[in-house]
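Structural characterization, general
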Amino acid sequence: MINVEGLTKRYARTIAVDNISFEVQKGQIVGFLGPNGAGKTTTMRVLTCFMPPTAGKASVAGFDVLEQPMEVKKRIGYLPELPPVYGDMEVIEYLRFVGRLKGIPKADLKRRVDEVIERCAVGEVRTRLISKLSKGYRQRVGLSQAIIHNPDVLILDEPTAGLDPKQIIETRSLIKSLAGDHTIILSTHILPEVEQTCEQVIIISRGKLVATDSVHNLTNRLRGSEAVAVEVEGRDGAVNSAVILQRLEKVPGVSRVLAKESRGQRHIFEIESLQGRAIRPDLARAVVESGWNLNELRPVAVSLEEIFLQLTASDEAATPAGGVKQ
Amino acid sequence: MRNTVTIFQKEIKSYFASPIAYGLMAFFALISGYFFFAFTANFVERGIRMQMMGRGMPMDVNEWVIRPMLMNMSVVGLFVIPMITMRLFAEEKRLGTIELLATSPVRDLEIILGKWLAALVMYSAILALAGINTALLFLYGNPDWKPLLVGYLGLVLQGGTLLAIGAFISTTTRNQIIAGTATFAICLLLWVLDWASSYGTTSAAKVIAYLSVVTHFEPFAKGVIDSKDVIFYLSMIFFGLFLTSRSMESLRWRA
Ligand SMILES: Nc1ncnc2c1ncn2[C@@H]1O[C@H](COP(=O)(O)OP(=O)(O)OP(=O)(O)O)[C@@H](O)[C@H]1O
Ligand SMILES: [Mg+2]
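Everything quoted here is computed from the prediction, not taken from an experiment.

1. Some points on the coordination of the magnesium ion (ligand 2)
A:Thr41 (OG1) and A:Glu81 (OE) make up the full set of protein donors to the magnesium ion (ligand 2), lying at 1.9 to 2.4 Å. One end of the pair, A:Thr41, is in helix α1 (residues 40-47); the other, A:Glu81, is in the loop between β6 (76-79) and α3 (91-101), with 40 residues separating them in the sequence.

So, in structure tokens, the structure goes:
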């Protein structure tokens, strides 16, 4: 659906995007991840035909952004970093304006406006002046604006920035509900957002592509070893935390055991496995056979946070072995 | 076409949603009301004096009231026009709504035309309101209305020219005040170019004087439509709008 090849964008002095290539399949939600100034907004502006690339190619739904911008524009909905709203318009008036601008036929306009008002839950403020709206509502109006013409591709620049936690959750589930019939690219620097909303992630840093993969693969691939948290409770009488620790260390495949905390009879450990070893069954057996209670045993996910920091760290050496670079 | 109408309607609404439109209308009506009063009083006084001197020659209202009125309105217009055009693009850039316009399936030209037409209608409304004074002349006298219409046509053409230039300047900045000030400076410049003609008859002076928007207005004020002047205004409008579209395009390259 979206094809980017060797895309480069140079401003007067800076190279904002440097020779990046990626592809997005139809119906996917892709997270566009990168620190400040990475070039996310710039890439999105090229994809939406707001500005032409300096070099390279980008196409949306098979139409090149330089050669057939009108066709591209018809097929995308775009929410810029700042919601592009007019303070002196009422919400409903604004949505009608955008609807006409996007070429919705007159006969469908009212229906489409009502639909997005419903979908983005802005009914309460439909006749309010946009200048009088809170940031969260403004963002929702911005989102309504992006989906009003039911575009094939949605490009959302930091759609949850500046929202309160409840609104963030609502917005994320709204975005998720849009996937399927829409192909979505959303940019963010919030990692959990990508883990929760996206299937695919594209990481860029300083204008360069660092990684592109499915969220699942990326976490797995970089999680060379498994990390597990266990809670052990002595069954009768006191058990020394050190005793348990010694026992756990003997389990095959375990590389390191860390005593996290002890509360009375309960002791919590974090255990790392050797590369590529499944240790959970053996751990469970070891605890139970020693006559202790196994209260909890769960994998600790290596967060995207760590991956992200590793990948975007300035020195190249930080790129992990196995190379996710494409 | 539909897009131009959409943009046009949005701009008109936005003008009338702000107090500036009404302020400008009041300002313009007040000033031209004062001129009207002054010219009419002068006219009446002269008439009485002439009669006392025993020369009961009929005097021409058109020549003594309408023509100077029109000339003055064309100058006052120079002050009003920057206020109308300064927000056209500068505000869209500041709000970020330019991103909405530029990523919608709408051509730049449609946006520019919609905005320029709205500005022209706004300016015409201001002129029309100020023109209510002249209606009094028709109530109490019998002036020739054709020169008045021609004069108004001239005002609209001159306005259209300066509005196109103002629109162009508004694309170059995101600061309305800067856009307004620069437009005012250019309007003033195009006005005083007229003076160049009084300092020399060299061809350079002639070319410079030719560019004066006021020089081309004078015949209209006299009730004369000269195709040369019409062509001047139309080509200046075209040129202004062309610059605007080039500027919008280059915005994308620089952005
Ligand atoms: N209009 C511009 N003119 C010049 N340089 C620019 C312009 N816009 C962005 N840049 C530069 O391009 C680089 C990439 O900026 P961009 O806005 O694309 O980053 P981003 O990933 O969206 O960052 P953020 O997370 O802060 O939004 C930055 O170094 C920035 O300074
Ligand atoms: Mg950005």
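2. Digging into the sheet that holds strand β1 (residues 2-10) of chain A
Residues and elements named next belong to chain A. A sheet is described by the order of its strands in space; here four strands give the open sequence β2-β1-β4-β5, paired in antiparallel fashion. In the strand order of this sheet, the two ends are held by β2 (15-24) and β5 (63-64), each with one partner. When β1 meets β2, the two strands line up antiparallel, connected through six bridges. Bridge assignment links Asn-3 to a residue of β2, and that residue is Glu-23.

3. Observations regarding the interface of chain B and chain A
Listed per partner, the contact involves 26 residues of chain B and 32 residues of chain A. Taken together, both faces of the contact between chain B and chain A bury some 2600 Å²; the carbon and sulfur share is 61%. Linking chain B with chain A are two salt bridges. Put simply, A:Arg45 and B:Glu99 hold a salt bridge, and the shortest N to O gap is 2.9 Å. For the interface between chain B and chain A, the tally reads eight residue pairs in polar contact (both at pLDDT 80 or more). With eight residues, helix α1 (residues 2-17) of chain B is the single largest residue contributor to the side of chain B that touches chain A. The residue inventory of the side of chain B that touches chain A, partitioned by class, reads ten nonpolar, eight polar and eight charged.

4. A few points about the confidence of the model for chain B
All names here are of chain B. For chain B, the average pLDDT comes to 85, and 93% of its residues sit at 70 or higher. Mean pLDDT per element in chain B: helix α9 (residues 203-210) is the minimum at 74, and helix α5 (residues 98-102) is the maximum at 94. As scored by the predictor, the complex reaches a pTM of 0.82 and an ipTM of 0.87.

5. Focus on the confidence of the model for chain A
Averaged over chain A, the pLDDT score is 85; the fraction of residues at 70 or greater is 89%. Predicted confidence is poor over residues 314-326 of chain A, with pLDDT under 50, and the contacts of this stretch with residues over four places away or in other chains come to 18 contacts.

6. Let's talk about the nonpolar core
The biggest cluster of nonpolar side chains holds 141 residues, and the ones touching the most others in it are A:Phe22, A:Tyr94, A:Phe97 and B:Ile84. If one sorts the elements of this core by residue count, helix α6 (residues 108-140) of chain B sits on top with twelve residues. With near-sequence residues (within four places) excluded, B:Ile84 lies in contact with B:Tyr15, B:Leu24, B:Ala119, B:Met122, B:Tyr123, B:Ile126 and B:Leu163. Residues A:Ile244, A:Leu248, A:Ile271 and A:Ile279 belong to the second largest nonpolar core, which totals 17 residues.

7. Quick look at the domain arrangement of chain A
Taken domain by domain, chain A holds domain 1 (2-220) and domain 2 (224-299). When each unit is reduced to the centre of its C-alpha atoms, the spacing between domain 1 of chain A and domain 2 of chain A is 45 Å.

8. What to know about the sheet that holds strand β14 (residues 292-299) of chain A
Residue and element names in this part refer to chain A. Read from one edge to the other, the open sheet built from four strands follows the order β12-β13-β11-β14, with strand pairing classed as antiparallel. A strand with exactly one partner marks an edge of an open sheet, and here the two such strands are β12 (254-263) and β14. On average, adjacent strands in this sheet sit at an angle of 20° to one another, irrespective of strand direction. Across seven bridges, strand β11 (residues 227-234) lies against strand β13 (residues 266-273) in antiparallel orientation. Across the sheet, residue Ala-227 finds its bridge partner in β13, namely Glu-272.

What counts and how
Residues numbered from 1 in each chain as written. Chains lettered and ligands numbered in written order. Predicted model: local features only at pLDDT ≥ 70, side-chain atom pairs only at ≥ 80, totals over all residues. Heavy atoms only, no water. Donors = N, O, S within 2.8 Å, 3.2 Å for Na, K, Ca; no water. Helix = DSSP H or I, 4+ residues; strand = E, 2+ residues; numbered from the N terminus. Pairing = 2+ DSSP bridges. Contact = heavy atoms within 4.5 Å. Buried area = accessible area lost by both parts, 1.4 Å probe. Salt bridge = Lys/Arg side-chain N within 4 Å of Asp/Glu carboxyl O. Polar contact = N/O pair within 3.5 Å; in protein donor to acceptor, adjacent residues only side chain to side chain. Nonpolar A, V, L, I, M, F, W, Y, C, P; charged D, E, K, R; others polar. pLDDT = per-residue confidence, 0-100. Core = buried A, V, L, I, M, F, W, Y, C linked by side-chain atoms within 4.5 Å. Buried < 20%, exposed > 50% of the residue type's maximum accessible area, 1.4 Å probe, protein only. Domains from an automatic or database assignment. Axes fitted to C-alpha atoms, helices over the stretch in contact; angles between N-to-C directions.

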